[in-house]
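Here is what each chain is made of, one letter per residue.
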Amino acid sequence: MYSGHNGRATGFFISEGVIWANYVTWQIAGHLRRDNYVEQARLNAGMGTTSESDDFWRLVGLYTRSSGSGSDSYEDALRRDARNEFPSDPAAQDAWVAERLPTGNRAWNWTSAEAQKNFRDTRHSSTRAFQHAKYSFAARDPESRGQRDRYPDASSRGPEGGSVVDRWSEAAKSSRDMTADGGGMLLVRSTF
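How each quantity is defined
- Residues numbered from 1 in each chain as written.
- Predicted model: local features only at pLDDT ≥ 70, side-chain atom pairs only at ≥ 80, totals over all residues.
- Heavy atoms only, no water.
- Helix = DSSP H or I, 4+ residues; strand = E, 2+ residues; numbered from the N terminus.
- Expected span 1.5 Å × (residues − 1).
- Buried < 20%, exposed > 50% of the residue type's maximum accessible area, 1.4 Å probe, protein only.
- Arc of directions from axis to C-beta.
- Contact = heavy atoms within 4.5 Å.
- Polar contact = N/O pair within 3.5 Å; in protein donor to acceptor, adjacent residues only side chain to side chain.
- Core = buried A, V, L, I, M, F, W, Y, C linked by side-chain atoms within 4.5 Å.
- Axes fitted to C-alpha atoms, helices over the stretch in contact; angles between N-to-C directions.
- Parallel < 35°, antiparallel > 145°, perpendicular 65-115°, else oblique.
- Left-handed = near helix turned anticlockwise from the far one by under 90°.
- Nonpolar A, V, L, I, M, F, W, Y, C, P; charged D, E, K, R; others polar.
- Patch = residues over 30% accessible without salt bridge, like charges linked within 9 Å, V, L, I, M, F, W, Y side chains within 5 Å.
- Areas by Shrake-Rupley, 256 points an atom, 1.4 Å probe, with all protein chains shown as cover.
- Salt bridge = Lys/Arg side-chain N within 4 Å of Asp/Glu carboxyl O.
- Phe/Tyr/Trp six-rings, centres within 6.5 Å; stacked < 30°, edge-to-face > 60°.

Peer 1: Before we go on, may I ask you to explain helix H3 (residues 74–85) in this structure?
Peer 2: An α-helix turns once per 3.6 residues; consequently, residues spaced three or four apart project the same way. Here H3 spans 17 Å end to end across 12 residues, near enough to the 16 Å set by a 1.5 Å rise per residue. Every buried residue belonging to H3 is among Tyr74, Glu75, Ala77, Leu78 and Ala82, and all of these are buried. Here the buried residues of H3 occupy an arc of 155° about the axis, which is enough to place them on one side. Buried residues in H3 make contact with helix H2 (54–62) and helix H4 (90–100). Two or three places before Glu75, at the start of H3, stands the capping residue Ser73, its side-chain oxygen 3.2 Å from that residue's backbone nitrogen.

Here you go:
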């Protein structure tokens, strides 16, 4: 719009709006599915907490119960790790396990294998939705959309030197840095 190409600017604003709508839609879907699997854990595994990390929820889906012995117990896995960490110190092993073992409202025990499988499926669906939201930003990269070829004058020099497309491309790359739990940092910089 600044360079007098109102049609192209309108197309850009529309595509930008579609990208942001896609991002918001996938974020909402991810959060709804997350609420769903947390509720499944509350009803079918006796969980009393809702604000845990994604790594914690992954463990809830992996192990049938948090305490006890056997290959389906998280405590058993912790004890194996503790023996590797402190091979000749049983007291240190017990302290290490006690520090990491979920207790109280963080403990779980699945009522059935099917309920645990449904939890895992819903959790994976939530994770995929957050990934789709994250990938929405990839569409913003002018190079990935072929902007240089379609709009050669879009690479004109800005007031500070350097191409406008290069600066937008760099900003888009910065905006795609997301964390595993779906959070991230968005850098917005404008120079006129």
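Peer 1: In this structure, what is going on with the nonpolar core? I would like to understand it.
Peer 2: Side chains of nonpolar character tend, in soluble globular proteins, to be buried together. Ranked by internal contacts, the top residues of the largest apolar core, which has 21 residues, are Met47, Trp57, Val60, Trp108, Trp110 and Phe119. Counting only elements with at least two residues in this core, the list comes to helix H1 (6–45), H2, H3, H4 and helix H5 (113–136). What Val60 contacts, discounting residues up to four positions off in sequence, is Met47, Trp108, Trp110, Gln116 and Phe119.

Peer 1: Is there a simple way to think about the packing of H1 against H5 in this case?
Peer 2: The relative placement of two packed helices comes down to the angle between their axes together with the axis-to-axis distance. At their nearest, the axes of H1 and H5 sit 8 Å apart, and the two run at 160° to each other. Taken together, the axis directions place H1 and H5 in an arrangement best described as roughly antiparallel. Read as a crossing pair, H1 and H5 show a hand that is left-handed. Counted by class, the contact of H1 with H5 contains 11 nonpolar, 13 polar and 3 charged residues.

Peer 1: Looking at this structure, how should I read a nonpolar patch on the surface?
Peer 2: The grouping of Met1, Phe12 and Phe13 at the surface amounts to a nonpolar patch, some 320 Å² of accessible area in total. Relative to the helices and strands, Phe12 is located in helix H1.

Peer 1: I'm lost on the packing of aromatic side chains in this one. Help?
Peer 2: The description of two aromatic rings rests on the distance between their centres and on the angle between their planes. Evaluated as defined, the whole model comprises 10 aromatic pairs. Centre to centre, the rings of Trp20 and Tyr23 are 5.7 Å apart; their planes meet at 80°, and the pair counts as edge-to-face. Of this pair, Trp20 and Tyr23 both sit in helix H1, 3 residues apart, which is roughly one turn of the helix. Overall, Tyr23 belongs to the buried group, its relative accessible area being 17%. Aromatic side chains Trp110 and Phe119 sit 5.1 Å apart centroid to centroid with 55° between the ring planes, which places their arrangement in the tilted category. One aromatic cluster is present, built from ring pairs that chain together Tyr37, Phe56, Trp57, Tyr63, Tyr74, Trp108, Trp110 and Phe119.

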